[in-house]
Amino acid sequence: SNTDEREFARLAAVRAGSELFERERNPRLDLTQMLKLDRSPVPQSYLPYLESTRHETELAAATGATASFSGIGGDQLFYQSRAYFAAADYLQRRGIRAGTFRVALDAARMDRLSVWAVLHRALIHGLMRHPWSIRDEPALHKTLIRNEVIDEVALQTRTNGRFIHPLFRSTARAPSGKVWHAWGLLFPPDFCNPLAGAAAPESVTPLYSQPLMELVLRIPTYFLTIGGWDRAVARRAFQHDVPREIITRQAKGGQEEHARALLSRNIGFVRELLLVGALVAHRILDRGRVEDVLSGRPTRTSTGNAELYEYLGAEPWLRRCAAL
């Protein structure tokens with residue numbers, strides 16, 4: 001749903017000389033399978049695991065594969081969002097010069113903002129040296145969390161850095177774009193699939209390898225956004241090895257419609273898990289807002305599938321912790 005990725009997958013397979021196996025998404029997927037997850041260090045959204053685990057396990061057994069490689073992490077590593085920080089970094093490092101407008105124009109193209117909006121933000125974060133910090137945006141886009149919780153997190157974050165990774169409590173003179181870049185890499189996927197069991201192939205995510213991360217983190221952000229392309233460095237590095245249709249594409253497939261349809265099909269389970277779960281019981285989620293967005297009626301409470309699936313992942317994870 002949303003977009004069909006098969007054309008690009010087929011092009012890549014032909015160029016690589018590899019066999020391609022295609023599987024359709026299951027519109028009747030049973031979300032109650034999340035209750036069977038193994039223990040893991042942190043909760044997350046388990047929908048990708050629910051959809052792919054059985055297929056990958058069966059395919060690995062049929063082909064004798066022992067590992068499954070994934071491109072997870074590319075958005076964060078190759079710098080996919082907040083390109084206006086690249087213009088700020090340029091100003092902080094080089095000042096106002098001939099290249100400033102070009103960098104701002106590239107950022108505007110990536111972020112789909114006016115060049116003047118980019119220059120305004122660049123002045124604040126670059127020349128005026130107001131560095132970006134996670135302290136500025138606690139619980140961003142978490143509309144179902146109670147206001148009191150967000151306020152408390154904001155207070156604790158700003159006063160003592162309680163919820164901030166130790167390496168990000170003092171970023172010294174590091175430019176905003178590079179701090180944002182590094183922060184995005186703090187959340188690697190689980191090493192073990194919590195829904196797979198012993199029969200699943202080993203999961204490998206090459207983009208989270210330490211040498212590659214250290215290399216890309218040394219590259220200034222305004223090189224990573226050059227030309228107004230997200231993943232600009234990766235596109236240029238592999239332009240002769242990847243089909244042009246893939247190198248030049250400016251969007252990637254989504255599954256918003258599919259994810260929303262699964263929520264509707266499993267609405268009984270979803271309502272039970274969230275409305276009487278630990279997050280509501282401990283007054284983290286606002287029960288009224290959750291009930292509103294799950295009512296099936298038009299609502300002014302705006303949230304996305306991603307937020308709902310995060311809480312749907314947290315509830316079974318908390319149950320597993322409570323069962324220790």
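Refer to the preceding data block for the structure.
Calculation criteria
- Residues numbered from 1 in each chain as written.
- Predicted model: local features only at pLDDT ≥ 70, side-chain atom pairs only at ≥ 80, totals over all residues.
- Heavy atoms only, no water.
- Helix = DSSP H or I, 4+ residues; strand = E, 2+ residues; numbered from the N terminus.
- Rg over C-alpha atoms; globule rule 2.2 N^0.38 Å.
- Buried < 20%, exposed > 50% of the residue type's maximum accessible area, 1.4 Å probe, protein only.
- Lys, Arg positive; Asp, Glu negative; His and termini not counted.
- Charge placed at Lys NZ, Arg CZ, Asp CG, Glu CD.
- Core = buried A, V, L, I, M, F, W, Y, C linked by side-chain atoms within 4.5 Å.
- Contact = heavy atoms within 4.5 Å.

K.L.:
Would you mind showing me how to read the overall build of the protein here?
P.N.:
When you go through the protein residue by residue, the secondary structure sums to 17 helices and 2 strands. Here the C-alpha atoms of the protein give a radius of gyration of 22 Å, agreeing with the 20 Å that 2.2 N^0.38 yields for 324 residues. For the protein, the C-alpha atoms occupy an extent of roughly 60 × 55 × 40 Å along the three principal directions. Burial analysis of the protein (324 residues in total) assigns 38% to the buried set. Each charge sign in the protein was given a centre, from 43 positive and 35 negative side chains, and these centres are 6 Å apart.

K.L.:
Would you explain the nonpolar core in this entry?
P.N.:
It is characteristic of soluble globular proteins that their nonpolar side chains tend to be buried jointly. With 34 residues, the main nonpolar core has Leu 77, Phe 78, Phe 85, Ala 87, Ala 104, Val 118 and Trp 132 as its most contacted residues. Counting residues per element, the ones that place at least two in this core are helix 4 (84–94), helix 5 (99–111), helix 6 (115–127), helix 8 (176–183), helix 9 (210–217) and helix 10 (221–224). With 7 residues, helix 4 is the largest single contributor of residues to this core. For Ala 104, the contacting residues outside a window of four places in its chain are Ala 87, Val 115, Val 118 and Leu 119. In this structure, Leu 50, Leu 279, Leu 294 and Leu 312 belong to the second largest nonpolar core, which totals 31 residues.

These figures come from the coordinates and say nothing about function on their own.
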